[in-house]
Amino acid sequence: MTPVLELRGVSRVHGSGPTAVHALREVDLAVEAGELVAVMGPSGSGKSTLLNVAGGLDAATSGDVVVEGTTMRGQPAAALAALRRRAIGYVFQDLNLLPALTAAENVALPRELDGIRSRTALAEAAAALAEVDLAGYANSFPDQMSGGQRQRVAIARALIGPRRLVLADEPTGALDSVTGEAILKLLRARCDAGAAGIVVTHDARMAGWADRIVTLRDGALVSDGTGVPRSRSTLRTSS
Ligand SMILES: Nc1ncnc2c1ncn2[C@@H]1O[C@H](COP(=O)(O)OP(=O)(O)OP(=O)(O)O)[C@@H](O)[C@H]1O
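Figured I'd write up the structure that's included with this text. (Residues numbered from 1 in each chain as written. Predicted model: local features only at pLDDT ≥ 70, side-chain atom pairs only at ≥ 80, totals over all residues.)

Quick look at unusual backbone geometry
The backbone phi angle of E26 is positive, close to 50°, even though this residue is not glycine. For E26, the location among the structural elements is in strand β2 (residues 21-31). Of note in this structure, E68 is not a glycine but carries a positive phi near 45°. Inspection of the secondary structure puts E68 in the loop between β4 (62-67) and β5 (70-71). Note on E68: 17 C-beta atoms within 10 Å, which makes it partly exposed. (Helix = DSSP H or I, 4+ residues; strand = E, 2+ residues; numbered from the N terminus. Buried ≥ 20, exposed ≤ 12 C-beta atoms within 10 Å, placed from the backbone.)

Laid out in structure tokens, this is it:
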């Protein structure tokens, strides 16, 4: 089976000369449909860079990023933007919700940008909001919602439509552990339904929802927990 996401020898160097920062060094990583991978590692080890490169928000300096069989390198900007919108859901560390739009409008935005009719996109947004337990909040604005609710709106925006790759950068960062766990359960459920997911986290309990944990150190993948027995069936029965 073709992995949903494949990084092949991916390096990312910020800047050049003596001040160059090697944020990623020759990273190989494949994520299959149905799989949730947790990325851990110390601050500055390259976790956000890995997500940005995987999501096409930043370009690899060398190596290839392949999403659903499409190599990002060499794609015209418009094609890359379309691939990002259609295939990739991204939960940003700082959420990036637009304050002037309601929760439903925020969630619907990527679909509308993709040419889906507004009514259809808003109906999809309502379903995505229900999926994250915010059915009654479609018409609320971000500043009328709690931090945890805003986080769930951002998750709904990443899950709307037929996205097959979901990338989340510390999605539980500012949340209490119960809400954080709920967010990971949502990502887990989407992966169980056939998506591929990567979640950056510092929290080993959150990483417990993943099928495997990869660790970055100074931009290099130093461990890949492939082959570790899956713990999610245990987690599920105890939740
Ligand atoms: N745009 C940039 N320009 C220059 N250096 C950068 C840039 N983005 C990241 N870096 C550097 O690349 C390295 C990796 O950063 P990155 O944010 O990917 O790490 P991280 O593991 O996500 O850190 P944290 O856990 O603190 O979020 C760091 O040394 C950082 O300073």
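From this point on, the discussion continues.
Description of the sheet that holds strand β1 (residues 5-14)
Sheets are built from strands that pair by backbone hydrogen bonding, the pairs being arranged parallel or antiparallel. Read from one edge of the open sheet, four strands run β2-β1-β4-β5, paired in antiparallel fashion. A strand with exactly one partner marks an edge of an open sheet, and here the two such strands are β2 and β5. Judged from the five bridges that link them, β1 and β4 form a sheet pairing that is antiparallel. Across the sheet, the residue bridging to L7 is V65, located in β4. (Pairing = 2+ DSSP bridges.)

Focus: the site of the ligand
With respect to spatial proximity, the complete set of residues near the ligand consists of H14, G15, V21, A23, G41, S43, G44, S45, G46, K47, S48 and T49. Secondary structure elements with two or more residues in the shell around the ligand: β2 and α1 (47-54). For the shell around the ligand, the element with the highest residue contribution is α1, accounting for three residues. Tallied by class, the residues present in the shell around the ligand amount to two nonpolar, nine polar and one charged. (Near = placed C-beta within 6 Å. Nonpolar A, V, L, I, M, F, W, Y, C, P; charged D, E, K, R; others polar.)

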